[in-house]
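# Geometric and topological summary
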Amino acid sequence: EDQVTQSPEALRLQEGESSSLNCSYTVSGLRGLFWYRQDPGKGPEFLFTLYSAGEEKEKERLKATLTKKESFLHITAPKPEDSATYLCAVQSPRGGAQKLVFGQGTRLTINP
Amino acid sequence: DGGITQSPKYLFRKEGQNVTLSCEQNLNHDAMYWYRQDPGQGLRLIYYSQIVNDFQKGDIAEGYSVSREKKESFPLTVTSAQKNPTAFYLCASTGLNTEAFFGQGTRLTVV
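A brief structural summary. (Residues numbered from 1 in each chain as written. Chains lettered and ligands numbered in written order. Predicted model: local features only at pLDDT ≥ 70, side-chain atom pairs only at ≥ 80, totals over all residues. Heavy atoms only, no water.)

Moving on to the interface of chain A and chain B. With 18 residues of chain A at the contact, the number on the chain B side is 21 residues. Between chain A and chain B, the buried area comes to about 1600 Å², and carbon and sulfur atoms account for 52% of it. For the interface between chain A and chain B, the tally reads 2 residue pairs in polar contact (both at pLDDT 80 or more). Secondary-structure elements contributing two or more residues to the side of chain A that touches chain B are β4 (32-38), β5 (45-50) and β10 (99-102) of chain A. Residue classes in the side of chain A that touches chain B are distributed as 8 nonpolar, 8 polar and 2 charged. (Contact = heavy atoms within 4.5 Å. Buried area = accessible area lost by both parts, 1.4 Å probe. Polar contact = N/O pair within 3.5 Å; in protein donor to acceptor, adjacent residues only side chain to side chain. Helix = DSSP H or I, 4+ residues; strand = E, 2+ residues; numbered from the N terminus. Nonpolar A, V, L, I, M, F, W, Y, C, P; charged D, E, K, R; others polar.)

In structure tokens:
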């Protein structure tokens, strides 16, 4: 069974304090690993897709990396507007469907 | 602008009542999905559809039903058989080799 575990569940940082969020996964035949940002009461907003171990992608203060067992979302010098829940999801060809399996998310709070 | 529209934003259901959540997309995506999100939990798949007139159960389909009569539309009915329907419901769609795009969600509350 495909599984995704995110840690920590919640993280509180001071503005400018860099850190990383973890997404560990077990899936047979990874087709893609996705990172989303979700603000309270809103739908998830797409951030990155990673396809193979060693791949990295960056967007402003965020950088996502991928290994064969986990992915990290690095946040450099975060600002209060980076506060949100960050979701990780994996896609596998199990059952022939393009289904996503989500982790429970990491709730990030950046204090000014 | 292309996107996914969910309605209503808030919905209240009485005990024993069926309610239908709307999801419309103009992205020309073939696949559409319904997820349920509870506090502190990730998204759980209810139903998905890869083509018109075809759909499959996800991990938590009991108490829900769907239809896919048009490519653009994938409504979800929460039936009276769903014992704990209070949750945030999210609709998504994907095209060929694209990421999933999400709507803004419907918050359903049992009163």
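Next, the rest of the story.
In this section: the pairing of strand β5 (residues 43-51) of chain B. Residue and element names in this part refer to chain B. Pairing of strand β4 (residues 31-37) with β5 involves 6 bridges; the strand directions are antiparallel. Looking at β5, one finds that tyrosine 33 is bridged to tyrosine 48. Counting the residues that bridge the hairpin from β4 to β5 gives 5 residues, and of these glycine 40 lies at a positive phi of roughly 75°. Two strands pair when backbone bridges link them, and β5 and strand β6 (residues 54-57) are joined in this way by 3 bridges, in the antiparallel orientation. Opposite tyrosine 48, over in β6, you have glutamine 56 as the bridge partner. A loop of 2 residues connects β5 with β6, the two strands running antiparallel in sequence, and asparagine 53 in this loop sits at a positive phi of about 65°. (Pairing = 2+ DSSP bridges.)

Quick look at the nonpolar core now. Residue and element names in this part refer to chain A. If you look at the biggest cluster of nonpolar residues, it comprises 22 residues, and the most contacted ones within it are Leu33, Trp35, Leu73 and Tyr86. Within the residue set of this core, elements represented by two or more residues are β2 (10-14), β3 (19-26), β4, β5, β7 (62-66), β8 (70-75), β9 (84-92) and β11 (106-111). Considering every element that reaches this core, the biggest residue donor is β9, with 4 residues. When sequence neighbours within four positions are dropped, the list of residues in contact with leucine 73 reads Ser19, Ser20, Leu21, Trp35, Phe48, Leu62, Lys63, Ala64 and Tyr86. (Core = buried A, V, L, I, M, F, W, Y, C linked by side-chain atoms within 4.5 Å. Buried < 20%, exposed > 50% of the residue type's maximum accessible area, 1.4 Å probe, protein only.)

Below, the discussion takes up a nonpolar patch on the surface. Residue and element names in this part refer to chain B. On the surface, Tyr10, Phe12 and Val111 cluster together into a nonpolar patch covering about 360 Å² of accessible area. Turning to its location among the elements, valine 111 is positioned in the segment after β11 (106-110). Relative accessible area serves as the criterion here: at 56%, valine 111 is assigned to the exposed category. (Patch = residues over 30% accessible without salt bridge, like charges linked within 9 Å, V, L, I, M, F, W, Y side chains within 5 Å. Areas by Shrake-Rupley, 256 points an atom, 1.4 Å probe, with all protein chains shown as cover. Salt bridge = Lys/Arg side-chain N within 4 Å of Asp/Glu carboxyl O.)

Glancing now at the pattern of salt bridges. Counted according to the given criterion, the structure contains 7 salt bridges over all chains. Of the charged contacts in the structure, one is a salt bridge between glutamate 55 of chain A and lysine 57 of chain A, with a shortest N-O distance of 3.8 Å. A relative accessible area of 19% means that glutamate 55 of chain A is categorised as buried. Three or more residues joined by partner-sharing salt bridges are found here, namely Arg36, Asp38 and Arg44 of chain B.

A few words now on the pairing of β4 of chain A. All names here are of chain A. Buried residues dominate β4, accounting for 7 of its 7 residues. The alternating pattern of β4 places Gly32, Phe34, Tyr36 and Gln38 on one face and Leu33, Trp35 and Arg37 on the opposite face, and all of these are buried. The pairing of β4 with β9 spans 7 bridges and is classified as antiparallel. Paired with glycine 32 across the strands is glutamine 91, a residue of β9. Pairing of β4 with β5, which is carried by 5 bridges, proceeds in the antiparallel orientation. Considered in β5, the bridge of phenylalanine 34 is made with threonine 49. If you look at the hairpin formed by β4 and β5, you'll find 6 residues sitting between the two strands, and glycine 41 has a positive phi there, around 75°.

Residues and elements named next belong to chain B. Looking at where threonine 106 falls in the secondary structure, it is placed in strand β11. A polar contact of 2.6 Å, which involves the side chain of threonine 106, links it to the backbone oxygen of proline 8. Setting aside residues up to four positions removed in sequence, threonine 106 forms contacts with Gln6, Ser7, Pro8, Lys9, Leu11, Leu21, Ala87, Phe88 and Tyr89.

What follows is about the state of the cysteines. Residue and element names in this part refer to chain A. This model, assessed by the stated rule, comprises 2 disulfides over all chains. The disulfide partner of cysteine 23 is cysteine 88, and the S-S distance across this bridge is 1.9 Å. Taking the torsion about the sulfur-sulfur bond, which here is approximately -60°, the covalent link between cysteine 23 and cysteine 88 counts as left-handed. One end of the pair, cysteine 23, is in strand β3; the other, cysteine 88, is in strand β9, and 65 residues separate them in sequence. You can call cysteine 23 buried: its relative accessible area is 0%. The exposure class of cysteine 88 is buried, given its relative accessible area of 0%. (Disulfide = S-S within 2.5 Å.)

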